[in-house]
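What follows is each chain in one-letter form.
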Amino acid sequence: MAQYNLQVNGKKVQVEVSPDTPLLWVLRDTLGMTGTKFGCGIAQCGACTVHLNDNAVRSCSLPVSSVGNNKITTIEGLSEKGDHPVQLAWDEADVPQCGYCQAGQIMSAAALLKRKPQPTDQDIDTAMAGNICRCGTYKRIRTAIHAAAAKKGGKS
Amino acid sequence: MSASIVSRRSFLKVSTLAGGGLMLAFNGLDKVLAGTVAEDVLFAPNAYIKIASNGIVTLMATNPEIGQGVKTSLPMLVAEELDVDWQKVVIEQAPLDTVKFSRQSAGGSGSVRSSWEPFRKAGAAARKMLVDAAAQTWNVSPDECVTENGWVIHKPSGKKLEYGALASKASGMTVPTEVTLKDPKDYKLIGKRIPNVDNKKIATGKQPFGIDTKREGMLYVMVARPAAFGKKLKSFDDTAARALPGVKNVVSFDNKIAVLATSTWEAKKGRDALKIEWEDEVALESTAEHQENLKKLTQQKHEIPKRTDGDAEQALAGAKKVLESVFEAPFLPHAPLEPMNFFADVRDDKVELYGSTQVPARVRAEVAKALNIGEDKISVGVSRIGGGFGRRLQADYAIEAAKISQLAKSPVQVMWTREDDMQGGYYRPAGMYRYRAAIDQNNELSAWYLVASSVNQDNASRQDNFPAGAIPNFRVDSHRLNSAISTGPWRAPNHNFLAFSEESFLDEIATELKKDTVAFRLELLDRAKSNPAGKLTYDVDRYKAVIKLAAEMGKWGTPAGKGIFKGFASHFSFGSYAAQVAEISITGGKLKVHKIYCAIDCGRVINLSGAETQVEGGIIDGLGHALYGELLFEKGATVQKNFNTYKLIRMPDAPAIEVRFIDSNENPQGLGEPGLPPVAAAVNNAIFNATGQRIRRLPLSLATLLSDQVDRNR
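Residues numbered from 1 in each chain as written. Chains lettered and ligands numbered in written order. Predicted model: local features only at pLDDT ≥ 70, side-chain atom pairs only at ≥ 80, totals over all residues. Heavy atoms only, no water.

A. Structural context of the sheet that holds strand 27 (residues 656-661) of chain B. Residue and element names in this part refer to chain B. Pairing is mixed across the open sheet formed by four strands, whose spatial order is 22-23-24-27. Both edges of this open sheet fall to strand 22 (565-573) and strand 27, since each of them pairs with a single strand only. Neighbouring strand axes in the sheet, compared pairwise and without regard to direction, differ in orientation by 20 degrees on average. With six bridges joining them, strand 24 (residues 590-601) and strand 27 adopt parallel strand pairing. Residue pairing across strands places Tyr597 opposite Glu658, the latter belonging to strand 27. Contacting strand 23 (576-587), strand 24 and strand 27, helix 16 (residues 608-628) crosses the sheet at an angle of about 135 degrees to strand 27. (Pairing = 2+ DSSP bridges. Helix = DSSP H or I, 4+ residues; strand = E, 2+ residues; numbered from the N terminus. Axes fitted to C-alpha atoms, helices over the stretch in contact; angles between N-to-C directions. Contact = heavy atoms within 4.5 Å.)

Listed below in structure tokens is the structure:
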């Protein structure tokens, strides 16, 4: 067991866990933040996607000991009021079916738009290929990402 | 409110009203179900509706939500007839209550079908009581009153009262024995696009699923289960596991060892530290021997056919030509993205169960049996569910959680890793389907004989599927191959493969007869109507309508762009008709599916957005498994363990999809499954049109085709 000072959604938190604990389980079990989901444990499905600084990473395969001072953003902290353009677009395009993978999808999409505010279909294919939706909502995910991009473009 | 305080009189009255589908807790404050919003519930006319004095209307989501959209679509039915402002409606997930609700399950694409009438009647009955309450308040005739968006309006005077203000009085009104349902032309919700009611919570990470369940003092559990089907526990040593930080207990039962710890990760490390010896209980099975045994069975006639019209054997014997094809289906895991997990807190006097299940009533019954505890002591709460696909029709994982809680005397959340889930059983069974078709002297299809074989299933066919009814000599046999590998329903059971084999084989026959594959189906359907052989379980006109619409959407008969090839398939399942055109290309030996056009007749559409996404999702699901799905076994263990080797369809492979619904006034039919079955055959038939070669096993592999023919450009 060791102590770690983490920055999660703009807040400093201290946890005492074994160094090999994946960030996912620190978030879910230690901090009680269950918005980030477990799907495969080997960085294949993307359900556990969070941001490390501005990059989408798979928290199931990221030991807490390697997080350091990097800023962690989870789905709960993506926006203060749940009004990130991607979150709004997800509702407008009525994306979720079961909804389980969608936190991870949204985190991947938000990271993509930060990097590429006007992504092409090809960009979406590449950025979202790591996120499985078992219900098959890919068409609406694509629609929502384009809609969020249009909205962001309109604002700036 | 418990059933015991329901007055027998009102109970019977309303039960009659709803034809037994609506069991009521009537009259007054419902302390048990009252949520935060509805604490001042004044009017709870039936188990589906609570109206508070502030006008907030709480509608109960009675059925488990696995992504099929019933948490939105079923309350829509109540809200439509209640005539309430959807924006002011709060949806609450109901716990299991077999007294108040009927059919609280998610399976067989049946939720909307079975709820269509009782749910609307529940809304209409409540609306009538609110109108009566207003009429009495104003001392006018109820006939002079109308409702709109949660208000009762007295037409002549223009006076109006909101439902909330009428709630108290309405609870004293007589329950109507008969209600008039709306004319469909007046629908404000049904048929419209209504977003999933949990979207905002899902998009902000606030929507809990079963796996998110936390309770005071709860321990996380990982279970070591037999590493292969056919193995049992010989011995284990938990010394090292118990010494690890966070590990609180280790219990063993039913050839399993459960490690309880203060976090998931510690439980997993504890399980990894167990030293276990397994031993073989029965011979361990492998895919190769399944295939061999299934094949043998398809060569045998079954004494008792599943269906027989005319004499298929005789017609085949006298045929001008016989076509024969054998189609193979692999095992498939359900692989819902939320792995199996369940919460259980077993005490001496009561049991709390909570989590992701498609069948809370089955969970309660089976846990009661396993623990030898009365069902009345067991509560089952239903969370939102991270996918079901049939896996959560089983109660195994809930029973396991309950047993662990009982043994360890602790509330537990049992967590399965993806690997546990993949090895966890209840798969779509592997099967083999041998078809023979007779072409007679007049160049007509005169006989069809299917001999099916499948693992752990007495009937792997749907013997009444089209083209049954269209062919004078028709026979279906089905053989069972017993296996230690557990199997169960998987989205669109049997249909999910039968549509592939039937519709591919029909395409083969059309090709042999030099007929257009769409025209051939229409011709067979005309035959089924004018001169049916045996009983017909489908409606010919509705079947033809979707076939024609899909052909029109996909511009069947006209060339697509250069290098693009089309394929067609249709299928009837769960009361709904679906037809699809696939557009594909093959470049460098690689298949790309560009677009799927789908025409579907599911009767009346309840939620257009939800309906459309069910069909799109079904197509993606069917396509993904047609392209990649295959679970192999080696010595009783799955070869594929996780998503690195068990491939699921991803964004880059998802084609464009266009869905159109037949505009229909028929009662709504199933929709969670019917979009899935046709797609594999539509794609396969397109592959034939591109290569001139047939694939007869899933997943579709171009490697089985001659390499010089897989690169054909027009």
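B. Structural view of the pattern of salt bridges. Across all of its chains, the model carries 65 salt bridges over all chains by this definition. Between Glu503 of chain B and Arg521 of chain B there is a salt bridge, with its nearest N and O atoms 2.7 Å apart. Here the residue Glu503 of chain B occupies a position in helix 13 (residues 495-512), and Arg521 of chain B occupies one in helix 14 (residues 517-530), the gap between them amounting to 18 residues. As far as the burial class goes, Glu503 of chain B and Arg521 of chain B line up, both buried. Each of Asp94, Lys139 and Arg140 of chain A together with Arg193, Glu612 and Glu616 of chain B takes part in a single network of salt bridges with overlapping partners. (Salt bridge = Lys/Arg side-chain N within 4 Å of Asp/Glu carboxyl O. Buried < 20%, exposed > 50% of the residue type's maximum accessible area, 1.4 Å probe, protein only.)

C. Main features of the domain arrangement of chain B. Residue and element names in this part refer to chain B. Annotation of chain B at the domain level lists domain 1 (3-183), domain 2 (210-282 + 340-415) and domain 3 (492-709). The centre of domain 2, based on its C-alpha atoms, is set 39 Å off from the matching centre of domain 3. Facing the four residues of domain 2 at the interface are five residues of domain 3. For the pair domain 2 and domain 3, the summed buried surface comes to about 270 Å²; carbon and sulfur atoms form 61% of the total. Summed over the shared surface of domain 2 and domain 3, the result is zero salt bridges. Counting across the domain 2 and domain 3 interface gives one residue pair in polar contact (both at pLDDT 80 or more). For the side of domain 2 that touches domain 3, the residue count by class is four nonpolar, no polar and no charged. (Domains from an automatic or database assignment. Buried area = accessible area lost by both parts, 1.4 Å probe. Polar contact = N/O pair within 3.5 Å; in protein donor to acceptor, adjacent residues only side chain to side chain. Nonpolar A, V, L, I, M, F, W, Y, C, P; charged D, E, K, R; others polar.)

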